[in-house]
Amino acid sequence: MSKRRFRLPSPALVISMVALSLVLGGTAVAATATHGDKKADTKLIKKLAPTLSVKHANTADTATNATSATNATNATNATNATNATNATNATHATSADAATGQGTLRSGASESGVWAASGGAATSYPSAPISFPIPLAAPLDNAHTIYVSGASATHCSGLGHADPGYLCAYQGEINNLAFLRFLTPGGAGTPSLAGGAAAAGSVLYFTFTASTNYADGSWTVTAP
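All figures in this text were calculated on a predicted structure; none of them were measured in a lab.

1. Examining the state of the cysteines
The tally for this structure, following the rule as stated, stands at 1 disulfide. Here Cys156 engages in a disulfide with Cys168; their sulfurs sit 1.9 Å apart. One disulfide, between Cys156 and Cys168, carries an S-S torsion of -80° and so falls in the left-handed class. Separated by 12 residues along the polypeptide, Cys156 in the loop between β4 (145–148) and β5 (166–175) and Cys168 in strand β5 bring together distant segments of the chain. Across this residue pair, the class does not change: Cys156 and Cys168 are buried.

2. Here's the deal with the sheet that holds β5
Within the open sheet, the 4 strands sit side by side as β2-β8-β5-β4. Their pairing is mixed. Either end of the sheet is taken by a strand with one partner, and the two such strands are β2 (110–118) and β4. On average, each strand axis in the sheet is inclined to that of its neighbour by 20°, with strand direction left out of account. Direction of pairing for β4 relative to β5: parallel, over a ladder of 4 bridges. Counted as the bridge partner of Thr145 is Leu167 from β5.

3. Describing the nonpolar core
For soluble globular proteins, nonpolar side chains are generally found buried alongside one another. If you look at the biggest cluster of nonpolar residues, it comprises 23 residues, and the most contacted ones within it are Trp115, Phe132, Leu167, Leu204 and Phe206. Elements represented by at least two residues in this core include exactly β2, β3 (127–131), β5, β6 (177–183), β7 (201–208) and β8 (214–222). Among the elements that line this core, the one with the most residues is β8, at 3 residues. Setting aside anything within four residues of it in sequence, one finds Leu204 in contact with Trp115, Pro126, Ser127, Ala128, Ile130, Tyr147, Ala169, Phe179, Arg181 and Phe182. One finds Ile146, Val148, Tyr166 and Cys168 within the second-largest nonpolar core, a separate group that totals 7 residues.

4. Quick look at the confidence of the model for the protein chain
Averaged over all residues, the pLDDT of the protein chain equals 76, while 55% of them reach at least 70. Scored below 50 in pLDDT, residues 27–33 shows 2 contacts in the model against residues more than four places distant or in partner chains. Confidence drops under a pLDDT of 50 for residues 90–95, and excluding neighbours within four residues, the segment shows 8 contacts in the predicted structure.

5. What about the packing of aromatic side chains?
Counted by the stated rule, this structure contains 7 aromatic pairs. Through a chain of ring-to-ring contacts, three or more aromatic side chains come together here, namely Trp115, Tyr147, Phe179, Phe182 and Phe206.

6. With respect to the environment of Ala153
Here Ala153 shows up in the loop between β4 and β5. Relative accessible area serves as the criterion here: at 31%, Ala153 is assigned to the partly exposed category. Sequence separation of Ala153 and Cys168 is 15 residues, and the distance between their C-alpha atoms is 8.9 Å. Setting aside its immediate chain neighbours within four residues, Ala153 contacts Ile146 and Val148.

7. Looking at the sheet that holds β3
Reading across the sheet, the 3 strands line up as β3-β7-β6 and stay open at both edges, with antiparallel pairing between neighbours. Pairing within the sheet leaves two strands with one partner each, and these edge strands are β3 and β6. The average angle at which neighbouring strand axes cross in this sheet is 20°, direction not considered.

Rules used throughout
Residues numbered from 1 in each chain as written. Predicted model: local features only at pLDDT ≥ 70, side-chain atom pairs only at ≥ 80, totals over all residues. Heavy atoms only, no water. Disulfide = S-S within 2.5 Å. Helix = DSSP H or I, 4+ residues; strand = E, 2+ residues; numbered from the N terminus. Buried < 20%, exposed > 50% of the residue type's maximum accessible area, 1.4 Å probe, protein only. Pairing = 2+ DSSP bridges. Axes fitted to C-alpha atoms, helices over the stretch in contact; angles between N-to-C directions. Core = buried A, V, L, I, M, F, W, Y, C linked by side-chain atoms within 4.5 Å. Contact = heavy atoms within 4.5 Å. pLDDT = per-residue confidence, 0-100. Phe/Tyr/Trp six-rings, centres within 6.5 Å; stacked < 30°, edge-to-face > 60°.

Set out below in structure tokens:
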């Protein structure tokens, strides 16, 4: 009576069966095999690799994008991050870089805005209030507030610039108005004739030469 010889399955058949179990089972497994058919292994790995990638992670020690991460390029919450909504340490944060812990403009930092004035009668003075979004730590005297009718002036090198400790008001369009002086806002709306700027801002005052008058421009202040 002859015996039936049992044949071992080929390596390709074994790999196919493993791949089939991965697809049907829906779970991740790790397997090692030692045999001579390396070409078949490589071909199968290349075929399955695109479907086995990890696209998102909730937590990660190091990640490009993650909900929570110790170190991340972009993260909603992160201990250290280049850009983050909430971060213990960040290059840029929601709070202004220009403000100190006391809420005043940091020494050497600048801020800018625009101003405009119009109207007025023979007994009034058209004015343009200037308000600093971040207040200065101390007021500026009249010698440190400069009205610039041209492109530049001493301590005011051009639009958007002011030397430390100076407020520069740059004139833009002007019609039937002439600049008079800076006035510091005072209590009960009474300005100080000494000029200069308060910690929160200043007021530009003009005289008018005819009706239908207006003036506008920009300003920049740099903290001492």
